[in-house]
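# Structure at a glance
Each chain, written out:
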Amino acid sequence: MKYLKINIEENADVEVLKNAVLQLKGVVSAEIVDDENPESELKKAFAKTKEQLKKGDYETLVNDIFDIIIKK
């Protein structure tokens, strides 16, 4: 899956922009991610873990967990 990252001005209406992007042909989903919000990073990590489990990519999953443990 490919992603498109769009940086917006602070005062932009993100909901309107999200709805406009969803109307484009080929766009499956759009998610508002706030880099200042650590919850969005946690959400990304869970999504990545979920995909690794679906694919049976246990080796990468275990390596990611050890990387987290070692860094802290």
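Residues numbered from 1 in each chain as written. Predicted model: local features only at pLDDT ≥ 70, side-chain atom pairs only at ≥ 80, totals over all residues. Heavy atoms only, no water.

So, about the overall build of the chain. Helices and strands together make up the secondary structure of the chain, namely three helices and zero strands. Helices (α) and strands (β) of the chain occur, in sequence order from the N terminus, as α-α-α. Here the chain holds 72 residues, and 4% of them are scored as buried. Put simply, the chain shows about 7,100 Å² of open surface, and 56% of that area lies on carbon and sulfur atoms. (Helix = DSSP H or I, 4+ residues; strand = E, 2+ residues; numbered from the N terminus. Buried < 20%, exposed > 50% of the residue type's maximum accessible area, 1.4 Å probe, protein only. Areas by Shrake-Rupley, 256 points an atom, 1.4 Å probe, with all protein chains shown as cover.)

This part covers a nonpolar patch on the surface. Where nonpolar side chains cluster on the molecular surface, the patch consists of Val62, Ile65, Phe66, Ile69 and Ile70 and spans about 500 Å² of accessible area. By the secondary structure assignment, Phe66 is in helix 3 (residues 58-71). (Patch = residues over 30% accessible without salt bridge, like charges linked within 9 Å, V, L, I, M, F, W, Y side chains within 5 Å. Salt bridge = Lys/Arg side-chain N within 4 Å of Asp/Glu carboxyl O.)

Positionally, Val62 belongs in helix 3. You can call Val62 partly exposed: its relative accessible area is 38%.

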